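Understanding the architecture of this molecule
Spelled out from the first residue to the last, the chains are:
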Amino acid sequence: MRIFLLWVGWASVVGSIGDGLIAVLALVVVGNAGWAMPGPSVDALLAGYLPALYWVKSIALLAMPGGVVAWLFALPALVYFPARIAMSALIGWAAFVAARRLAPRQSRPPQAVA
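Being a predicted model, the structure only gives us computed values, none of them experimental.

1. Quick look at the pattern of salt bridges
This model, assessed by the stated rule, comprises 2 salt bridges. Close ionic contact of Arg84 with Asp19 constitutes a salt bridge, the shortest N to O distance being 2.9 Å. Of this pair, Arg84 sits in helix H5 (residues 77-102) while Asp19 sits in helix H1 (residues 2-32); the two residues are 65 residues apart in sequence, bridging distant segments of the chain. Its relative accessible area of 38% is what places Arg84 among the partly exposed residues. The closest approach of N and O atoms between Lys57 and Asp43, which form a salt bridge, is 3.0 Å. Of the two residues, Lys57 is situated in helix H3 (residues 56-63) and Asp43 in helix H2 (residues 42-49); the sequence distance between them amounts to 14 residues.

2. Re a nonpolar patch on the surface
Together, Leu53, Trp55, Val56, Ile59 and Leu62 give the surface a local cluster of nonpolar side chains, amounting to about 500 Å² of exposed area. On the secondary structure map, Val56 appears in helix H3. Residue classification places Val56 among the partly exposed positions, given a relative accessible area of 31%.

3. Re H1
The end-to-end C-alpha distance of H1, which contains 31 residues, comes to 45 Å, matching closely the 45 Å that a straight helix rising 1.5 Å per residue would cover. Looking at H1, one finds that the buried residues are Leu5, Val8, Gly9, Ser12, Ser16, Asp19, Gly20, Ile22, Ala23, Ala26, Val29 and Val30. Residue Gly34 follows H1 closely and has a positive phi angle near 80°.

4. Some remarks on the nonpolar core
In this structure, Val42, Leu45, Leu72, Phe73, Ala77, Tyr80 and Phe81 are the most contacted members of the largest nonpolar core, which totals 15 residues. Of all the elements in the fold, those that place two or more residues in this core are H1, H2, helix H4 (66-74) and H5. It is H1 that provides the largest number of residues to this core, a total of 4 residues.

5. Overview of the environment of Phe96
Following the sequence through the fold, Phe96 ends up in helix H5. Each C-alpha atom, one on Phe96 and one on Val13, is 11 Å from the other, the two residues being 83 residues apart in sequence.

Reading the values: the criteria
- Residues numbered from 1 in each chain as written.
- Predicted model: local features only at pLDDT ≥ 70, side-chain atom pairs only at ≥ 80, totals over all residues.
- Heavy atoms only, no water.
- Salt bridge = Lys/Arg side-chain N within 4 Å of Asp/Glu carboxyl O.
- Helix = DSSP H or I, 4+ residues; strand = E, 2+ residues; numbered from the N terminus.
- Buried < 20%, exposed > 50% of the residue type's maximum accessible area, 1.4 Å probe, protein only.
- Patch = residues over 30% accessible without salt bridge, like charges linked within 9 Å, V, L, I, M, F, W, Y side chains within 5 Å.
- Areas by Shrake-Rupley, 256 points an atom, 1.4 Å probe, with all protein chains shown as cover.
- Expected span 1.5 Å × (residues − 1).
- Core = buried A, V, L, I, M, F, W, Y, C linked by side-chain atoms within 4.5 Å.

In structure tokens form, the structure reads like this:
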């Protein structure tokens, strides 16, 4: 169980880094468009700037109802990706805390009393 929790924690760290990079890309896209808010939707950002990652929509459609997927992919990227970073950080933190509780305790050798 501890190995699984460590894997979840580190996957959350790596995922947050990826989401952060995508959020920076969204910020650049909005800046290049003259700071027109709210910027591109998740769907438009992935389809137009990161087509290699657009397959995640197909996976999302398999895992969630279509209406939820449509709503998530219609959100502004500058709202969606920071929210994902926050949730991933919370999940990763909880996984690391739980893994730490499952870690074997280090026994200390008895200390001599002077």
